[in-house]
Amino acid sequence: MSVTAKELAQILHLSEAAISMALNGKPGVSTATRKRVMDAARELGYDFSRLTEKAPQTPPRGTLYFIIYRKHGAVVADTPFFSHLSQGIDLGCKRHHYYLNVFYLDEGGNPERQLRELIHFDCKGILLLGTEMLENDLVPFLKLKLPLVILDTYFETTEADYVLINNAQGAYLATCHLISQCREQPGYLRSSYPINNFSRRADGFYRAVRRNGMSTANSKVHYLSPSPEGAYADMKALLDTGEKPARCYFADNDLIALGAMKALKEKGYRIPQDVALAGFDNMPASAYTEPPLTTVNVPKEYMGEMAVRRLSQLIEDGESTPVKLEVSTTLLKRKTV
């Protein structure tokens, strides 16, 4: 008589959920636990035809860790941008036959000790979200000597594999659109937090200004918090001092643009008749504002898939020349310009 999943759980002193994840090849249990369950199931005559899902035809190659590094949490939060990126990573892991574990790492939580522990969890490679990172923050990761792909940032002097947005291109497209429609010097709503991606967007903004025959010194630049609430409060305080806004603005991200838009409208400025705005990231809220926000679309899921594909190559091929993969952006023209 064959053993049931419930009986397996009792025999192995595991939860029924853990038994189900192990038998169905789903993430959530360690490689050692999965092997223990599968060995016991075969030995005790478990009927694998009972499974609701077929076991993977290709055996899993191990576990990849998606590490979300939070330095201050001002940008890396529970937003659709990062959930879509995670979905792309999950899809990539399934296609390349890896389990996926997601691991949050805060700067103040002794990163070096936590990272050393990963080596003991069958970690084949790391996908590192570097949005909020500074270059020195990479040191503990590089010491691990594990295959590593860094997402959403780039450091010129650190040799590694990177997959990121073409930030300069997106900002350039948005700024050129503002200039062509408004025919005036654009302003810049910059993040008050130092984010590497935003520095690249600044490069694109100023390149567009120069390309259109304008002096970068004539662009009004306001530093706002990179969240709707923070940007609203900062912009409101600025306007309360009597500051007259520029005719149009490029914002480092949609959250800044949406917060600034609210403050401008409260002061009686019409969007886009008095002030035009363009953001970056195509957050879902940008399509439902009044008016809908012109923004830069980023293929977030594709970026996640590309990162897994590159990491899989590093694992399979061993030594490899580091590459920088930039995912192109597109401009979404809506009603704020």
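Heads up: these notes are all about the structure in this document. These numbers were taken from a predicted model, which means no experiment stands behind them.

Describing the packing of helix α2 (residues 16-23) against helix α3 (residues 31-43)
Okay, so step 1: One way to put it is that α2 packs onto α3 with a least axis distance of 9 Å and a crossing angle of 85°. By the criterion of interaxial angle, the relationship of α2 to α3 is roughly perpendicular. Facing Ile19, Met21, Ala22 and Leu23 of α2, the residues of α3 in contact are Arg34, Val37, Met38 and Ala41.
Okay, so step 2: By residue class, the composition of the contact of α2 with α3 is seven nonpolar, no polar and one charged.

What to know about the sheet that holds strand β6 (residues 187-191)
Okay, so step 1: The strand order across the open sheet built from four strands is β7-β6-β8-β9, with neighbouring strands paired in parallel fashion. Strand pairing shows two members of the sheet lacking a second neighbour, β7 (221-224) and β9 (276-278), which therefore form its edges. Direction aside, neighbouring strands of the sheet carry axes that sit 20° apart on average.
Okay, so step 2: Bridging between β6 and β7 involves four bridges; their strand directions are parallel.

Quick word on the environment of glycine 304
Okay, so step 1: Tracing the chain through its elements places glycine 304 in helix α11 (residues 300-317).
Okay, so step 2: With a relative accessible area of 0%, glycine 304 lands in the buried category.
Okay, so step 3: Once the C-alpha coordinates of glycine 304 and methionine 133 are considered, the two residues, 171 residues apart in sequence, prove to be 18 Å apart.

Overview of the pairing of strand β8 (residues 248-251)
In summary, the side chains of a regular strand alternate between the two faces of the sheet.
Okay, so step 1: Burial along β8 is two-sided: the residues Cys248 and Phe250 and Tyr249 and Ala251 are all buried.
Okay, so step 2: Two strands pair when backbone bridges link them, and β6 and β8 are joined in this way by three bridges, in the parallel orientation. Residue pairing in the sheet places leucine 189 in a bridge with alanine 251 of β8.
Okay, so step 3: Relative to β9, β8 runs parallel, the two sharing three bridges. When the sheet's bridge partners are listed, cysteine 248 is paired in β9 with alanine 276.
Okay, so step 4: Taking the sense of rotation as the criterion, the β-α-β connection linking β8, helix α10 (residues 254-266) and β9 turns out right-handed.

Thoughts on the layout of surface pockets
Okay, so step 1: Approximately 460 Å³ is the volume attributed to the largest pocket.
Okay, so step 2: Along the walls of the largest pocket sit 15 residues, with Lys145, Leu146, Pro147, Leu148 and Glu319 positioned nearest its centre.
Okay, so step 3: Elements that contribute at least two residues to the lining of the largest pocket include exactly α6 (139-143) and α11.
Okay, so step 4: Grouping the constituent residues of the lining of the largest pocket by class yields nine nonpolar, two polar and four charged.

Topic: the nonpolar core
Okay, so step 1: One finds Phe66, Leu85, Ile89, Leu127 and Phe250 to be the most contacted residues of the largest nonpolar core, which totals 42 residues.
Okay, so step 2: Here this core gets six residues from one element, more than from any other, and that element is α11.
Okay, so step 3: Apart from the residues within four sequence positions on either side, phenylalanine 250 is in contact with Ala171, Ala174, Thr175, Leu178, Gly187, Tyr188, Leu189, Arg201, Phe205, Ala278, Gly279 and Phe280.

Observations regarding the environment of threonine 63
Okay, so step 1: You can see threonine 63 is positioned in strand β1 (residues 63-70).
Okay, so step 2: Considering only alpha carbons, one finds threonine 63 and serine 30, 33 residues apart in sequence, at a separation of 8.6 Å.
Okay, so step 3: In contact with threonine 63, not counting residues within four places along its chain, are Thr31, Tyr99, Asn101, Asp122, Cys123, Lys124 and Gly125.

Concerning the pattern of salt bridges
Okay, so step 1: For the structure on display, the rule yields 13 salt bridges.
Okay, so step 2: With its nearest N and O atoms 2.7 Å apart, the salt bridge here joins arginine 310 to aspartate 161. Taken together, the positions of arginine 310 in helix α11 and aspartate 161 in strand β5 (residues 161-165) put the pair 149 residues apart, joining distant regions of the chain.
Okay, so step 3: The exposure class assigned to arginine 310 is buried, which follows from its relative accessible area of 9%.

Cut-offs applied
Residues numbered from 1 in each chain as written. Predicted model: local features only at pLDDT ≥ 70, side-chain atom pairs only at ≥ 80, totals over all residues. Heavy atoms only, no water. Axes fitted to C-alpha atoms, helices over the stretch in contact; angles between N-to-C directions. Helix = DSSP H or I, 4+ residues; strand = E, 2+ residues; numbered from the N terminus. Parallel < 35°, antiparallel > 145°, perpendicular 65-115°, else oblique. Contact = heavy atoms within 4.5 Å. Nonpolar A, V, L, I, M, F, W, Y, C, P; charged D, E, K, R; others polar. Pairing = 2+ DSSP bridges. Buried < 20%, exposed > 50% of the residue type's maximum accessible area, 1.4 Å probe, protein only. Right-handed = clockwise from strand over helix to strand, strands pointing away. 1 Å grid on protein atoms, 1.4 Å probe; cavity = no way out; pocket = protein on both sides within 12 Å on 5 of 7 lines; lining within 4 Å. Points joined across faces, edges and corners; volume = space filled by probe spheres on them. Core = buried A, V, L, I, M, F, W, Y, C linked by side-chain atoms within 4.5 Å. Salt bridge = Lys/Arg side-chain N within 4 Å of Asp/Glu carboxyl O.

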